[in-house]
Amino acid sequence: MSERALYVGVDLGATNVRAGIVEEQNLLRVESRRVDADGAVDVVMNQIFEVVDDVVGDDVVGIGVGVPSVVDVDTGVVYDVQNIPAMVDVPFKERFEDRYGRPTYVNNDVNCFVLGEYAFGKAQGYRNVAGMNLGTGFAAGLIVDGRLYEGSNCGAGEFGMIPYRESILEEYCSGLFFINRGLDAAEMYHQAEAGDVVARSLWEEFGHHVGNAVKSVMYGFDPELIVVGGSIRHAYAYFQESMWATVSDFGFRRTLERLEFELSELDDAPLLGAAELPRAAARRGA
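Quantities reported herein were computed from a predicted structural model and do not represent experimental measurements.

**Regarding the overall build of the chain**
(1) Moving on: Secondary structure summary: the chain contains nine helices and 15 strands in total.
(2) Moving on: Rg of the C-alpha trace for the chain: 19 Å, near the compact-globule value of 19 Å for 286 residues, within the 12% margin.
(3) Moving on: Taking the principal axes of its C-alpha atoms as reference, the chain extends roughly 55 × 40 × 35 Å.
(4) Moving on: By residue count, 52% of the 286 residues in the chain fall in the buried class.
(5) Moving on: For the chain, long-range pairs separated by at least 24 residues make up 67% of all intrachain contacts whose partners lie at least 6 apart in sequence.
(6) Moving on: Within the structure as shown, the chain displays about 13100 Å² of accessible surface, and the carbon and sulfur contribution to it stands at 45%.

This is the structure we're talking about:
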């Protein structure tokens, strides 16, 4: 290999897979393709490899993979990948390393999101960060004292699973809030932009629930910064007022005054965070 050190990040979603090459602070190239969510394990893995094959060259020294699932970060086995039913117990690390001969690190996709923000985005320079993802689901990734914190079973930050009302927070703080009403979040966003009163009222209600989620993150983790990703962040203008009104009664006034809150500006944060997994390991000498 040459002295040039490149890292590959892989972001697996429910419908597609993306792979990109990262050099220092630059995302040089991204490839993507659809995956057959209902396909067998080998079918989906081959579709992933087709994309990664296009970006792994001689200069690549490590690979990181973000997956929407619980991950054994030591062995690189992924369990119960969301929306890909066949992927129940798959040794990603082993299969990647057998194919590419590069050290491979696997983690949850929301953990990769917050790591991407910490290394490349709004969370640079902070020590304790919660990366909240508001999209088709709701979860958070955590940076503790400057390092990604996964917990004992890669389950840290799953605030969406906290019991809330008659269900869980995720049902109220993600696209499910609209889907469960027979609506589409993107359409409600466009209607709110057009001034529709009903749509704006729904976003106001949504903001109240997100405010309660923010308080749960603050009580449970006490971050310096909350950075928000996911597609629903684009509608922040329509739920921010009710969100902050709900957050305003947080029990520790100084904590609330010191909290920083940002919207992600990195559409590729999960992919960048995946690439940061092997890069951070190399710095630690792991």
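**As for the side chain of Arg102**
(1) Moving on: Secondary-structure assignment places Arg102 in the loop between α2 (92–100) and β8 (104–108).
(2) Moving on: Engagement of the side chain of Arg102 in a polar contact is seen with the backbone oxygen of Val60, the distance being 2.5 Å.

**Digging into the sheet that holds strand β7 (residues 89–91)**
(1) Moving on: Strand order in the open sheet formed by three strands is β5-β6-β7, and the pairing between neighbours is antiparallel. At either margin of the open sheet sits one strand with a lone partner, and together these are β5 (70–72) and β7. For this sheet, the mean inter-axis angle between neighbouring strands, taken without regard to orientation, is 20°.
(2) Moving on: Relative to β7, strand β6 (residues 77–79) is paired through three bridges, and the arrangement is antiparallel. For Val78, the partnering residue across the bridge sits in β7 and is Val90.
(3) Moving on: Against the sheet, α2 engages β6 and β7, with an angle of about 30° to β7.

**Some points on the layout of surface pockets**
To find the voids left in a structure, one rolls a probe of water-molecule size over its atoms.
(1) Moving on: Roughly 1100 Å³ of internal volume is contained in the largest pocket.
(2) Moving on: Considering the residues around the largest pocket, the lining is formed by 38 residues, among which Pro68, Asp109, Val110, Asn133 and Thr136 are closest to the centre.
(3) Moving on: When contributions to the lining of the largest pocket are tallied by element, the ones reaching two or more residues are β1 (6–12), β2 (16–23), α3 (109–120) and β10 (138–144).
(4) Moving on: Per-element accounting of the lining of the largest pocket gives the leading share, three residues, to α3.
(5) Moving on: Across the lining of the largest pocket, the residue classes tally to 14 nonpolar, 16 polar and eight charged.
(6) Moving on: Quantified by volume, the second largest pocket comes out at close to 570 Å³.
(7) Moving on: Lining the second largest pocket are 25 residues, with Arg147, Leu148, Glu150, Ala280 and Arg284 sitting closest to its centre.
(8) Moving on: Broken down by element, the residue count for the lining of the second largest pocket peaks at seven residues, all from helix α9 (residues 269–284).
(9) Moving on: Partitioning the lining of the second largest pocket into residue classes produces 12 nonpolar, five polar and eight charged.

Scoring rules and cut-offs
Residues numbered from 1 in each chain as written. Predicted model: local features only at pLDDT ≥ 70, side-chain atom pairs only at ≥ 80, totals over all residues. Heavy atoms only, no water. Helix = DSSP H or I, 4+ residues; strand = E, 2+ residues; numbered from the N terminus. Rg over C-alpha atoms; globule rule 2.2 N^0.38 Å. Buried < 20%, exposed > 50% of the residue type's maximum accessible area, 1.4 Å probe, protein only. Contact = heavy atoms within 4.5 Å. Areas by Shrake-Rupley, 256 points an atom, 1.4 Å probe, with all protein chains shown as cover. Polar contact = N/O pair within 3.5 Å; in protein donor to acceptor, adjacent residues only side chain to side chain. Pairing = 2+ DSSP bridges. Axes fitted to C-alpha atoms, helices over the stretch in contact; angles between N-to-C directions. 1 Å grid on protein atoms, 1.4 Å probe; cavity = no way out; pocket = protein on both sides within 12 Å on 5 of 7 lines; lining within 4 Å. Points joined across faces, edges and corners; volume = space filled by probe spheres on them. Nonpolar A, V, L, I, M, F, W, Y, C, P; charged D, E, K, R; others polar.

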